[in-house]
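Results of the structural survey
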Amino acid sequence: VQLQASGGGLVQAGGSLRLSCAASGGTFGNYMLGWFRQAPGKEREFVAAIRWSGGNKYYADPVKGRFAISKENARKTVYLQMDNLKPEDTAVYYCAAQSGLIATAVHRRDLYDHWGQGTLVTVSS
């Protein structure tokens, strides 16, 4: 499984960005596709996830109501729409994938085997 993240950039506080994660190299029927982020000097943290089959969505509390995860099956692509961005959202954003992941474990970065290269999001105040 290969993952290619894109869409990062510089945006002012209150602005929006949409990240994309193109997946290839596998059939994703029972996969969980997730987004994590890592700010300078901090640990990588869970942001959002979506189950490929069924489309169940999960969010970390700091992004609920501002971020939306979605997928496009035909393109094997997962999106993260980020609205009302805040300076504390500044981080490198990574997409990740793991098969057979249960809902209560979607936030566990140690359980994801497949990672994209990361895309930098910078939010200026």
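For the structure, check the block above.
Everything in this summary refers to the structure shown in the same document.

What counts and how
Residues numbered from 1 in each chain as written. Predicted model: local features only at pLDDT ≥ 70, side-chain atom pairs only at ≥ 80, totals over all residues. Heavy atoms only, no water. Pairing = 2+ DSSP bridges. Helix = DSSP H or I, 4+ residues; strand = E, 2+ residues; numbered from the N terminus. Axes fitted to C-alpha atoms, helices over the stretch in contact; angles between N-to-C directions. Core = buried A, V, L, I, M, F, W, Y, C linked by side-chain atoms within 4.5 Å. Buried < 20%, exposed > 50% of the residue type's maximum accessible area, 1.4 Å probe, protein only. Contact = heavy atoms within 4.5 Å.

1. Looking at the sheet that holds strand β1 (residues 2–6)
Strand order across the open sheet formed by 4 strands is β1-β3-β8-β7, with antiparallel pairing between neighbours. At either end of the open sheet lies a strand with only one pairing partner, and these are β1 and β7 (67–72). Between one strand and the next, the sheet's axes are offset by a mean angle of 15 degrees, whatever the strand orientation. Pairing of β1 with strand β3 (residues 17–24) involves 5 bridges; the strand directions are antiparallel. In the sheet register, Ala-5 faces β3, and the bridge partner there is Cys-21.

2. Quick look at the nonpolar core
One finds Trp-35, Leu-80, Met-82 and Tyr-93 to be the most contacted residues of the largest nonpolar core, which totals 29 residues. Leave out the neighbours within four places in its chain, and Leu-80 touches Leu-17, Arg-18, Leu-19, Trp-35, Val-47, Ala-48, Phe-67, Ala-68, Ile-69 and Tyr-93. Formed by 11 residues, the second largest nonpolar core is a distinct cluster that contains Met-32, Phe-36, Phe-46 and Leu-101.

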